[in-house]
Structure formats: C-alpha cells, structure tokens
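Report on the structure
Listed below are the residues making up each chain.
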Amino acid sequence: MPYIAKVAVNDATIHFDKLYSYLVPAALQDKVWPGSMVLVPFGRGSKPRMGVALQCGEEDIPAQKLKTLLDAAPEEARLTPDLMALVRFLRDRTFCTWFEAVKAIIPYGAQYQPAVVEGRAVVQGRLTRPMERVYTHVAPPPASPKPGPKQRQAMELLAAAPRTQAELEQCGIARPTLDALVKKGCLAVSERYKSIDLFSAIPFDPQPLELSPEQQQAYDRLAPDLADDKPHAALLHGVTGSGKTAVFLKLIEQTLTLGRKALVLVPEISLTPQMIRRLKAMFGSRLAVQHSALNNTERLLQWRMIQTGQADIVVGTRSAVFAPLQNIGLIILDEEQEHTYQSESAPRYAAHDVAKKRAAAEGALLVLASATPRVETYFAATQGRMQLVSLTERYGGRPLPTVDFIDMREELSAGNPREISFRLAKELQANIERSEQSILLLNRRGYRTVAVCTDCGQVLKCPNCSVPMVYHKPQQALLCHYCGHRVAPVPQKCPACSGKLLYSGFGTQRVEEELAELLPGGRILRMDQDSTGQKNAHERMLAQFANHDFDILLGTQMVAKGLDFERVTLVGVLGIDSMLFGQGFRAYENVFSLVTQVIGRGGRADLPGRALIQTVVPGHPVLGLAAKQDYLAFYKEEIAFRRYSLYPPYCALCVAGFTGAQDADTLRAAIRFSTVLGELAASQPQLPLRLLGPAPMNITMLNGKYRYKLTIKCRNDAAFRTLLRQTLEQYRKENLSAKAAVVLDFNSDGDM
Ligand code: ADP
Ligand code: ZN
Ligand code: ZN
C-alpha cells in the first residue's frame, strides 16, 4: 500500500482548510511524521507550497491518483506532540487555519519556505543558518611532519576542552590551521547553533530575598500546588507595590528546586528588561527570552536554546506562551488584565487560554497576577475555579499615593489654554526642584489628533479608514494610525470646501512641547510608539529614566504598568475622559485598570507618592474608585452590570467580523451569515444564543474595506463551535466568502 501524508497547507482560508493527501516517496518516508514541515505541489499549477503533515501512514488509495510530496524540513523543525496539541487547540478554539496556528507557534526564523535548488523544489530555512563550528580533540598529531607552533597551540587548547572557531580565532588560531589538523585526523569539527547570551551584561548576583509576612502567606498557599503534578490555577491579586514579583521569584526558585521549569509572561516588551534583570541576577544564565523586539536570529537561537533543554526559565510577551519548553511546573501571567495578551490577528487567541491548556497538559501551576484583574478572572476565583490569593498592603507598609482631581472645565474658565493644568505644572516644577521624578500618562500619540474645517465642519479623515488623521510634528505630516497613510505637507485648507482647517486635540508630542515651555530646563523623556521604534529603545529609555537622566517620563499606556522606579513620587493622568466614554463593554474596566496602575507607579520606595488626575468629570465613579485603588468596590459594580446586561463572564461573546470591498455586499453577506446561524441554531433550542446585528463596526472602514460585525452571545462549547463551523461551510458554499471575508473573535470587547 502507498505511504500517504495528509497535509494542511499555507495560505488556506478558514472556510476552506482541509487536509490534502500526498504520496510520500521512499526517500522521504523516514523524514515525514505527523508534525513535519513539508513542501507539496498545490493547486492546478502544482506550485510548491509549504504545509504541515498531520497524519501519516499506509492507505489503500491508488498511488497514481495522488501528487507526490516534494521535500521535507529536517527533524528539528518538526512540531513535537505537545506543540501539535497546541495547533489543534488553536484551530478548534479560534477558528484559524492549521497553518496560521503553526506560524503562530514557530517563530519566523525557525520556519521554512519553498526554494529552487538545481532545478528542484526544496524547502529552505528562512535564515541562513546561524551556526558555528566547534573543534574537538581526537588524537595527538603525528611526529612528522612536525606540527607548527600554531598547530601545537591549538592542540594544547583543545586537549582541555572543545572550542568554537570564534574562540580559537581570538587566541590567534586561524581556520586554515584548524582545517589542516582536521585533515590529519587530530581534530574533529562539528556545527551547532550559536549559543548567545543576550544578557551577559547582567551579573549573576543572587541576593537573599526575604518575603514579608503577607507575601510569605501568599507563597505558602501557592507552593503546595507546585509540589504535585496536577494542574492548578490561582489569581494573585495584589495592590500596586505589594511585591508580587517577590512572590514570583520564590515560586520560580521552588519550581527549579523541584526540577521543573518556569514560563513567565509579561504584557509588553517594555516590561521584559526589568523582569529579565531580576531573574538573571537571581537564577543565572539558564534563561531564555521570546519577544518581538529580538531580531529573527536572536529569537531563533533563544528558541533553539529552549527546544534543546538549555533553558529553565523563559520570559516573554504573548507568543512566548508557545515556547517549546518541556516539563513546565509554573506559568505566570503578570498584569493578566492587559489586552496585549489577546492576539488581534489570526489566530485570535488569549494567552490565558493557551497557558491554561499547557498547565493542564503539564500538570503545572498557572498564576494570573494583577492589581486589577479582569472581571472574568476575579469572578472565576470567587467561584472557586482558581485559588484566590491576595496581597492587601504595599511592601514595607508604604502608603498608597494620595490622589487629587483637577477639573479641566475650571481650568479653561480660569484662562488656562494649555493641556497641563496650573496645579500639575506647579507640582512638576516642585518635583524637579526636589530631585524627584514624575510620570505622565497620556494615551494618545502624535501632536494634534483632529483637524476640523471651520466652514463645512468636516473632520479630516484617512481616505482608507474612517478615522481622523493625526498631525505628527517631527515628520510635518498627517498620519493614519491604522493604515499608516501619510499626507504631507500638512494641509491648511479643507480638501472639500477649501475652508480653513482648525487643528485641535492633543497627543504626547504636543504635551512634550508644553512641558518644555512650562518647565525650562526640565528633562523630559517621551515614550510612545513613535519614539521607541529603534531596537532596544524601551530598554535604553527606561534605563536612562532609572538613572535619573530625566525628570519626567511622559508616555502612552507603556509607562503605566509594571514599572518600578524608586524616585517617582508624582503621577499625572491626562486625557483619560475619552476612554471613559469609549465603546465596548470593557471601557470602564480598562479605565479603572489604567488609572489604578499608573497611580500605583508612584511612592513605591521611601518617598511618598501623589497623583493628579485631569478630567472634566471629576465626580465620575470609576475615576473615584481608581483613585482609592478600591478594586473590590469596582468589581462589585462591574459584575452587576455584566450580569444585568449579559456580558462575560455571564456569557461568551463571539464577534463575527465581515470585511469587503463593497459596502452593500459586505452587509448582505453578514446578514446571510446571521440568518444561517439563526436557522441552524433553531434546531438546537437548548443552546443559549443571542444574535445582535449585523451593525457597522466602530471603525466602519479600514484599509479601504467596509466593515460589519455580528455580535453573538453564547456559551462557547463544542456544540456552539460546531454550529459555527456549519455556518462557515454554508457561507462558503454560497460563495459569500468572495464578497466578504469573515473572522471570528472570542476575546473581543464588542468590536474589532
Ligand atoms: P508589584 O506588586 O506592583 O508588582 P513589585 O514586585 O514591583 O510590586 O514590588 C514593589 C517594590 O517593593 C519593588 O521595588 C520591590 O523591589 C520591593 N519589594 C517587594 N517585596 C520585597 C521583598 N520581599 N524584599 C525586598 N524588596 C521587596
Ligand atoms: Zn470644509
Ligand atoms: Zn488609514
């Protein structure tokens, strides 16, 4: 019987992602297993395409009916059964294609692509192999011909231990010398992946860590869950500055003592340096990182380090949850409320769910940690679905910052035209004089955020997206923050009626300029997407701020969370109101969390902290609760709202997004999808299901495509997902997928 591989291919769509059978030629039979990356001839033209083999074996199909597999990537590229389980999980839960799941799990640098070598289609690594040569001593050199001095030096060095070519070159021994010795049979040479220590500058300097009584209690409740090999989950709910990291460090230590490994996730690249520094100092070099600020080679080398068992601890952002770490005992999601843990492109997964899946497979402890957990997470803890462990006081008994509101309406009537209030300016100045530092949060980048025509009243929008263009002063251009569309020079006249344009709204660039005017000599560091584009920019900037090279750190949400600077005593919150009135059922949760978190950056060491919140609604209850850092009161309000209005955790929310080139077609496709789903659901009346819409998305057009959404409140179980798959199948059969592409998102806050 012929030997067959069933393959899922790259670039399939979710409506059409089936397995194709290929004949495996004899030469490849011991290279192709489930999980192997393979090259197959695909489609009418039989063009080479990458795929992943999911099933292999002999089958009773006439061989001549099948196309033949072209090539297979080496064994090291094969997905292990653990990672294959994650591929299946992602596909099942997020409605992505097989290969989208594969690409999410394997970093770019470890992926393969089609190539042609000597007229044959073959697979090729994406990176020219980041390999190094290692020389090993085999036998002493023969007496004649007499070895030269360089050869003798090489033999002596290598008699002690194998060395890499680079190390030998540093000792003045060149490649030809080594090659000559290999030829004589004195040395052996092999190739291996370079090992790089990205953090060699950080000293291994373990300090005794003593937990506070409250931290110790938290640890004592969590540690027993590390000791057995059953899966456990816990929420570590600790006020800002309570020292959650100290508890992590002890848990990690215990995990390693038990001979297992730890996976630590942080929500943003900007938080990785701080975490790496603490872990490296305490645990030394068996630490690997995975995040998008690494270049592809670094990322690949770190990944291989994990894959080959050379890392005990992995730190990284969302996608690090797929690290090929084995024998995991502990998974930590720090700042678990952060939306960055949810992927916004296929596969649209939440790191929480993947982490939970892995913890279940490995019998590990999953710790979700935050001062402001997601309402769903806290609910799960109150329901006993995870252990609830709280830290209620700041480490060292330090007080939480005091918070005052500044009413920006009064500021305006008092004749202050600026975005920075009189009071905030004064306090910033006082801080500079006392040599203390300040953090200012403004979650909008750019200079001016809207341009309105004073005649016809139109807002200048991106031609591809229904969003206002933002004026960026350094580039002297208007930029679309969604598609990158650029207009330069900056128009002064309305494109519709030639009326005068009025630029208003403010972003970080504008506030930076105001600060410079208000505080001459004040050293201001602006941190936002525009200023952190360069490699390691986050790390450099945060190190500079820690070093007190700057007085004020002004930035978007990236300055709000997780950072720990001892000289910060003042926090200012600007422009938060628009978020309060933002859409999506998580709007209040997001504001509460952001304000609580940023306030919590102050007064973390010996100096007490204070915060000022600028707003036009100083009496708003959400701001009031955030000012008091009263999570429980906020949770009570919020959970009541969720229950009353039927939102998660009282239901699952699936948003189906439809995007197409024609407005009417897109809407029609969305309506048809809704109808089909409704009809299919009617045959299963026991399934709880509510369909809302279709309605235009908040951003009605993006990248030139029209956008509609269908909101589905449901129970996200296998029966519901089957229903969705049937609907997608019907959608495809009716050829609607050509009119509007569908994506499904189970982590949406109500929009896309
Ligand atoms: P958060 O809970 O906000 O993440 P951190 O873990 O950043 O708090 O801790 C706040 C500050 O208190 C940090 O500067 C940290 O070094 C210090 N700290 C917390 N716990 C301890 C401890 N057990 N020993 C020494 N310092 C601690
Ligand atoms: Zn106009
Ligand atoms: Zn745009």
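Cut-offs and rules
Residues numbered from 1 in each chain as written. Chains lettered and ligands numbered in written order. Predicted model: local features only at pLDDT ≥ 70, side-chain atom pairs only at ≥ 80, totals over all residues. Heavy atoms only, no water. Near = heavy atom within 4 Å. Polar contact = N/O pair within 3.5 Å; in protein donor to acceptor, adjacent residues only side chain to side chain. Areas by Shrake-Rupley, 256 points an atom, 1.4 Å probe, with all protein chains shown as cover. Helix = DSSP H or I, 4+ residues; strand = E, 2+ residues; numbered from the N terminus. Nonpolar A, V, L, I, M, F, W, Y, C, P; charged D, E, K, R; others polar. Donors = N, O, S within 2.8 Å, 3.2 Å for Na, K, Ca; no water. Tetrahedral: all angles 85-135°; square planar, octahedral: opposite > 155°, others 65-115°. Buried < 20%, exposed > 50% of the residue type's maximum accessible area, 1.4 Å probe, protein only. Expected span 1.5 Å × (residues − 1). Axes fitted to C-alpha atoms, helices over the stretch in contact; angles between N-to-C directions. Parallel < 35°, antiparallel > 145°, perpendicular 65-115°, else oblique. Contact = heavy atoms within 4.5 Å. Core = buried A, V, L, I, M, F, W, Y, C linked by side-chain atoms within 4.5 Å. Salt bridge = Lys/Arg side-chain N within 4 Å of Asp/Glu carboxyl O. Left-handed = near helix turned anticlockwise from the far one by under 90°. Pairing = 2+ DSSP bridges. Domains from an automatic or database assignment. Buried area = accessible area lost by both parts, 1.4 Å probe.

With that settled, consider the site of ligand 1. Around ligand 1, 16 residues are found, and the nearest of them are Glu210, Gly241, Thr245, Asp564 and Arg604. Ser242 is positioned with one of its backbone polar atoms (N or O) 3.4 Å from an oxygen atom of ligand 1. At 2.8 Å, a side-chain N or O of Thr245 approaches an oxygen atom of ligand 1. Across the complex, the protein chains shield 80% of the 560 Å² of accessible surface that ligand 1 would expose by itself. A per-element tally of the shell around ligand 1 places helix H8 (residues 244–257) first, with three residues. Grouping the constituent residues of the shell around ligand 1 by class yields five nonpolar, six polar and five charged.

Turning to the coordination of the zinc ion (ligand 2), a few remarks are in order. Tetrahedral metal sites with four donors have an ideal angle of 109.5 degrees; octahedral sites with six donors have ideal angles of 90 or 180 degrees. Looking at the metal site, the zinc ion (ligand 2) is ligated by Cys453 (SG), Cys456 (SG), Cys494 (SG) and Cys497 (SG), spaced 2.2 to 2.4 Å from it. With four donor atoms in place around the zinc ion (ligand 2) and angles of 98 to 116 degrees between them, the coordination shape is tetrahedral. In the primary structure, the donors to the zinc ion (ligand 2) are separated according to the pattern C-x2-C-x37-C-x2-C. On the criterion of sequence distance, the pair formed by Cys453 in strand S21 (residues 450–453) and Cys497 in the loop between strand S24 (486–487) and strand S25 (501–504) is long-range, its members being 44 residues apart.

Only Cys462 (SG), Cys465 (SG), Cys480 (SG) and Cys483 (SG) from the protein coordinate the zinc ion (ligand 3), and they sit 2.2 to 2.4 Å from it. Around the zinc ion (ligand 3), the four donor atoms are arranged such that angles at the metal cover 103 to 115 degrees; this shape is classified as tetrahedral. The sequence pattern describing where the donors of the zinc ion (ligand 3) fall on their chain is C-x2-C-x14-C-x2-C. Placement of the pair is Cys465 in the loop between S21 and strand S22 (470–472) and Cys480 in the loop between strand S23 (477–479) and S24, with a sequence separation of 15 residues. Comparing Cys465 with Cys480, the two get one shared label, buried.

Take helix H9 (residues 272–283) next. Between its first and last C-alpha, H9 extends 16 Å over 12 residues, near the 16 Å set by a 1.5 Å rise per residue. Burial analysis of H9 places 10 of its 12 residues in the buried class, the great majority of the element. Among the residues of H9, Thr272, Pro273, Gln274, Met275, Ile276, Leu279, Lys280, Ala281, Met282 and Phe283 are the ones counted as buried. Two residues or fewer past H9, Gly284 is found with a positive phi of approximately 80 degrees.

To continue, consider the packing of helix H18 (residues 587–599) against helix H20 (residues 631–645). Where H18 contacts H20, the axes come no closer than 11 Å and their chain directions differ by 170 degrees. Classified by the angle their axes make, H18 and H20 are roughly antiparallel. Here Tyr588, Glu589 and Phe592 of H18 come into contact with H20, specifically with Tyr631, Phe634, Glu638 and Arg642.

Moving on, we come to the nonpolar core. Core analysis: the biggest nonpolar cluster contains 132 residues, and Met37, Leu79 and Leu279 have the highest contact counts within it. Formed by 25 residues, the second largest nonpolar core is a distinct cluster that contains Cys654, Phe673, Ile712 and Leu736.

Working definition: two side chains of opposite charge can pair if their charged atoms are close together. Applying the stated criterion to the full structure yields 37 salt bridges. We note a salt bridge from Arg642 to Glu638, for which the minimum N-O separation is 3.1 Å. With a gap of four residues between them, Arg642 and Glu638 both fall in helix H20, about one helical turn apart. Take Arg642 and Glu638: they sit in the same class, and that class is buried. Through salt bridges with shared partners, a single network forms among Glu376, Arg586, Glu589, Glu638 and Arg642.

Next up on the list: unusual backbone geometry. Of note, the bond from Ala346 into Pro347 is cis; its omega dihedral lies within 30 degrees of zero at -5 degrees. Residue placement: Pro347 occurs in the loop between strand S16 (328–334) and helix H11 (351–362). That bond from Pro648 to Pro649 is cis: its omega, 10 degrees, falls within 30 degrees of zero. Along the chain, Pro649 turns up in the loop between H20 and strand S30 (652–660). Phi at Glu118 is positive, roughly 50 degrees, even though this residue is not glycine. By the element assignment, Glu118 lies in the loop between strand S7 (112–117) and strand S8 (120–125). Since its relative accessible area comes to 80%, Glu118 is described here as exposed. Even without glycine at this site, Ser498 takes up a positive phi of about 65 degrees. Here Ser498 is to be found in the loop between S24 and S25.

Remark: helix H1 (residues 81–94) packs on helix H2 (residues 98–105), axes separated minimally by 9 Å, with the N-to-C direction vectors making an angle of 130 degrees. Judged by the inter-axis angle, H1 sits oblique to H2. You can see that H1 and H2 cross each other, and the crossing is right-handed. The residues of H2 that touch H1, namely those facing Leu83, Leu86, Val87, Arg88, Leu90 and Arg91, are Trp98, Ala101, Val102 and Ile105. Split by residue class, the contact of H1 with H2 holds eight nonpolar, no polar and two charged.

Further remarks concern the sheet that holds S24. If you walk across this open sheet you meet the three strands as S22-S23-S24, and the pairing is antiparallel. Looking at the sheet topology across the chains shown, the edges are occupied by S22 and S24. Strand direction decides the pairing type here: S22 and S23, joined by three bridges, are antiparallel. Bridge assignment links Tyr471 to a residue of S23, and that residue is Leu478.

Looking now at the domain arrangement of the protein. According to the domain assignment, the protein consists of domain 1 (3–125), domain 2 (131–193), domain 3 (213–396), domain 4 (402–444 + 508–642), domain 5 (448–505) and domain 6 (652–745). If you average the C-alpha positions of domain 1 and of domain 6, the two centres end up 30 Å apart. With eight residues of domain 1 in contact, the opposing surface of domain 6 contributes 10 residues. Regarding the contact of domain 1 and domain 6, the summed buried area is about 930 Å², with carbon and sulfur atoms giving 59% of it. A per-residue breakdown of the area domain 1 buries against domain 6 is headed by Ile14, His15 and Phe95, which together make up 66% of the total. Counting every contact that joins domain 1 to domain 6 gives one salt bridge. Of the charged contacts in the structure, one is a salt bridge between Arg721 and Asp92, with a shortest N-O distance of 3.6 Å. For the interface between domain 1 and domain 6, the tally reads two residue pairs in polar contact (both at pLDDT 80 or more).

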